[in-house]
Amino acid sequence: MTRGKRENRHTKNVKKSLLDIVLWQCGYFNDKETRPKPPAQFSYPRPKLSLEEAEPTVNWINHSTFLVSVDGINILTDPIWGERCSPIPFIGPKRRHPPAIKIEDLPHIHVVMVSHDHYDHLCRASVKKLHARFPNILWITPRGLKSWFAKFGITNVCEHEWWEHSTHNFELEGLEISFTAVPSQHFSGRLGWHSNKTGWAGFVAEFGRKCGNHKRLYFVGDTGYNDRDFKKIGERFESMDLSLIPIGTYVPYDFMAPVHICPQHAVDIHTDVSSKLSVGMHWKTFKLSSEGMEQPPYDLYLEMERRNMNPHKFLPLDPGEIMNW
């Protein structure tokens with residue numbers, strides 16, 4: 001990704017016209033093979049979760065919004081509390097379940113990581129409410145978003161190009177966090193499709209103390225899959241303690257694949273970056289594609305089973321479910 005007009009390095013097939021959208025809705029891009037539907041009684045295999053207060057936690061609020069807590073520092077990802085993910089309040093995809101935590105009930109938020117500026121990842125009303133309640137939030141973003149935040153009087157924004165990193169000290173908690181922007185395969189733009197004037201990225205957050213404690217979090221953001229970027233991320237970082245990986249918005253496959261991963265490629269990323277634990281995101285909240293709302297965890301289970309991998313290592317949480325990592 002370079003300054004100015006942003007580009008994906010490993011695919012050019014992301015641009016979709018209005019005609020493409022119409023053809024998709026008319027079934028032109030339908031997959032040739034149908035996916036098996038989840039059995040009526042399907043439940044994703046999961047370990048018995050017990051919380052240790054001293055250990056880091058992750059709480060799935062909705063869509064790609066997580067609350068991650070490490071040693072007294074609370075981090076949000078891609079905040080959306082809006083009823084719809086759309087520039088028009090009464091038109092566009094409507095949420096299917098409420099956020100697990102209201103903004104008014106959040107603990108003190110220190111950092112928000114934003115992967116890109118699409119409406120289902122960067123909600124203006126949510127940003128304004130968060131800023132009003134926590135005016136000292138550090139906003140970690142791809143390059144080009146600082147001017148958007150400035151419209152709301154938000155100046156504590158740290159922009160990154162791919163592979164750029166910044167380090168921040170939280171003296172009260174004695175914690176140092178380093179954020180590195182890493183490649184993703186997507187696009188940006190709020191009022192026009194594929195304007196790509198702002199960046200898109202995943203982020204790796206590394207938490208450390210002088211005493212040697214260390215944790216590594218990988219927030220993937222929205223992305224398609226390629227066999228180079230994620231392997232390179234895995235080479236750059238030894239392993240991930242927790243990865244937040246999309247598992248929804250993948251049908252029809254040929255239409256969605258350039259910019260959204262299916263569960264199979266979600267497992268590829270999980271493997272490429274040697275993730276010790278992964279949690280699924282980008283599903284269940286908004287219907288943005290043609291698969292059933294409950295299809296992603298079943299397809300994830302089938303893929304983990306096909307590879308003979310422990311399903312407890314890649315979990316689809318329920319909204320509001322908290323676990324240690």
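Our subject is the structure that appears above.
Residues numbered from 1 in each chain as written. Predicted model: local features only at pLDDT ≥ 70, side-chain atom pairs only at ≥ 80, totals over all residues. Heavy atoms only, no water.

1. Looking at the pattern of salt bridges
Phase 1 of the analysis: Scanning the entire structure with this criterion turns up 14 salt bridges.
Phase 2 of the analysis: Salt bridges sharing partners connect three or more residues here, namely Arg-143, Glu-159, Glu-161 and Glu-164. (Salt bridge = Lys/Arg side-chain N within 4 Å of Asp/Glu carboxyl O.)

2. Quick look at the sheet that holds strand β5 (residues 138–142)
Phase 1 of the analysis: What the seven strands build is an open sheet, ordered β6-β5-β4-β3-β2-β1-β14; its pairing is mixed. The sheet is open, and its two edges are formed by β6 (157–160) and β14 (322–324), each paired on a single side. Adjacent strand axes in the sheet meet at a mean angle of 20 degrees when their direction is disregarded.
Phase 2 of the analysis: Two strands pair when backbone bridges link them, and strand β2 (residues 65–70) and strand β3 (residues 73–77) are joined in this way by four bridges, in the antiparallel orientation. Within β3, the position partnered with Ser-69 by the bridge is Asn-74. (Pairing = 2+ DSSP bridges. Helix = DSSP H or I, 4+ residues; strand = E, 2+ residues; numbered from the N terminus. Axes fitted to C-alpha atoms, helices over the stretch in contact; angles between N-to-C directions.)

3. Quick notes on the packing of aromatic side chains
Phase 1 of the analysis: A complete count under the given rule lists 12 aromatic pairs for this structure.
Phase 2 of the analysis: On the numbers, 5.6 Å between centres and 10 degrees between planes, the contact of Trp-60 with Trp-283 is stacked. Of the two residues, Trp-60 sits in strand β1 (residues 57–62) while Trp-283 sits in the loop between β12 (278–281) and α7 (295–306), which places them 223 residues apart along the sequence.
Phase 3 of the analysis: A residue is classified by how much of its surface remains accessible, and Trp-60, at 0% relative accessible area, is buried.
Phase 4 of the analysis: Relative accessible area serves as the criterion here: at 5%, Trp-283 is assigned to the buried category.
Phase 5 of the analysis: Three or more aromatic residues joined by ring pairs form one cluster here, namely Trp-24, Tyr-28, Phe-29 and Phe-255. (Phe/Tyr/Trp six-rings, centres within 6.5 Å; stacked < 30°, edge-to-face > 60°. Buried < 20%, exposed > 50% of the residue type's maximum accessible area, 1.4 Å probe, protein only.)

4. Observations regarding the pairing of strand β7 (residues 165–170)
Phase 1 of the analysis: Burial along β7 is one-sided: Ser-166, His-168 and Phe-170 are buried, while His-165, Thr-167 and Asn-169, pointing the other way, are not.
Phase 2 of the analysis: As judged from the six bridges shared by β7 and strand β8 (residues 175–182), these two strands associate in the antiparallel manner. Considered in β8, the bridge of Asn-169 is made with Glu-176.

5. Considering the state of the cysteines
In protein structure, a disulfide is the covalent linkage between the sulfur atoms of two cysteines.
Phase 1 of the analysis: Applying the stated criterion across every chain, the model contains zero disulfides.
Phase 2 of the analysis: With no disulfide of its own, Cys-85 lies 9.2 Å from the sulfur of Cys-123, the closest cysteine sulfur. (Disulfide = S-S within 2.5 Å.)

6. Some remarks on helix α6 (residues 263–272)
Phase 1 of the analysis: With eight of its 10 residues buried, α6 lies for the most part within the structure.
Phase 2 of the analysis: Here α6 has its buried residues at Pro-263, His-265, Ala-266, Val-267, Asp-268, Ile-269, His-270 and Asp-272.
Phase 3 of the analysis: A positive backbone phi angle near 50 degrees is found at Ser-274, which sits one or two residues after α6.

7. A short note on the environment of Lys-16
Phase 1 of the analysis: Tracing the chain through its elements places Lys-16 in the segment before α1 (18–25).
Phase 2 of the analysis: Overall, the relative accessible area of 13% leaves Lys-16 in the buried class.
Phase 3 of the analysis: Measuring from C-alpha to C-alpha, the distance between Lys-16 and Met-256 comes to 10.0 Å, with 240 residues separating the pair along the chain.

8. Section: the sheet that holds β8
Phase 1 of the analysis: Pairing is mixed in the open sheet, where seven strands are placed in the order β7-β8-β9-β10-β11-β12-β13. Of all strands in the sheet, those bounded by a partner on one side alone are β7 and β13 (314–315).
Phase 2 of the analysis: Where β12 lies against β13, two bridges are found, and the strand directions are parallel. Residue pairing for β13: Ser-278 is matched across the bridge by Phe-314.
Phase 3 of the analysis: Against the sheet, α6 contacts β10 (214–219), β11 (242–246), β12 and β13, and its axis sits at roughly 155 degrees relative to β11. (Contact = heavy atoms within 4.5 Å.)

9. Details of the side chain of Asp-229
Phase 1 of the analysis: Following the sequence through the fold, Asp-229 ends up in helix α4 (residues 229–236).
Phase 2 of the analysis: Ignoring sequence-local partners within four residues, the contact set of Asp-229 consists of Arg-9, His-10 and Pro-183.

10. As for a nonpolar patch on the surface
Phase 1 of the analysis: A cluster of nonpolar residues, Leu-18, Leu-19 and Val-22, forms a patch on the protein surface that exposes about 320 Å² of accessible area.
Phase 2 of the analysis: Within the fold, Leu-19 resides in helix α1.
Phase 3 of the analysis: For Leu-19, a relative accessible area of 54% corresponds to the exposed category. (Patch = residues over 30% accessible without salt bridge, like charges linked within 9 Å, V, L, I, M, F, W, Y side chains within 5 Å. Areas by Shrake-Rupley, 256 points an atom, 1.4 Å probe, with all protein chains shown as cover.)

11. Looking at the nonpolar core
Phase 1 of the analysis: Counting residues in hydrophobic clusters, the biggest one holds 56 residues, and the most contacted among them are Tyr-218 and Leu-244.
Phase 2 of the analysis: Per-element accounting of this core gives the leading share, five residues, to β8.
Phase 3 of the analysis: Not counting residues within four places of it along the chain, the set of residues in contact with Leu-244 comprises Val-58, Phe-66, Val-68, Thr-77, Leu-217, Tyr-218, Phe-219, Val-220, Val-279 and Met-281.
Phase 4 of the analysis: In this structure, Ile-101, Val-127, Leu-130 and Leu-145 belong to the second largest nonpolar core, which totals 21 residues. (Core = buried A, V, L, I, M, F, W, Y, C linked by side-chain atoms within 4.5 Å.)

12. Overview of the layout of surface pockets
Phase 1 of the analysis: There is about 670 Å³ of room inside the second largest pocket.
Phase 2 of the analysis: Together, 26 residues line the second largest pocket, and Pro-87, Tyr-119, Arg-124, Trp-148 and Arg-190 are the ones closest to its centre.
Phase 3 of the analysis: Looking at the lining of the second largest pocket, the elements with two or more residues in it are α2 (124–133) and α3 (146–150).
Phase 4 of the analysis: Of the residues in the lining of the second largest pocket, the class split is 11 nonpolar, eight polar and seven charged. (1 Å grid on protein atoms, 1.4 Å probe; cavity = no way out; pocket = protein on both sides within 12 Å on 5 of 7 lines; lining within 4 Å. Points joined across faces, edges and corners; volume = space filled by probe spheres on them. Nonpolar A, V, L, I, M, F, W, Y, C, P; charged D, E, K, R; others polar.)

Function cannot be inferred from these measures alone, as they are strictly geometric.
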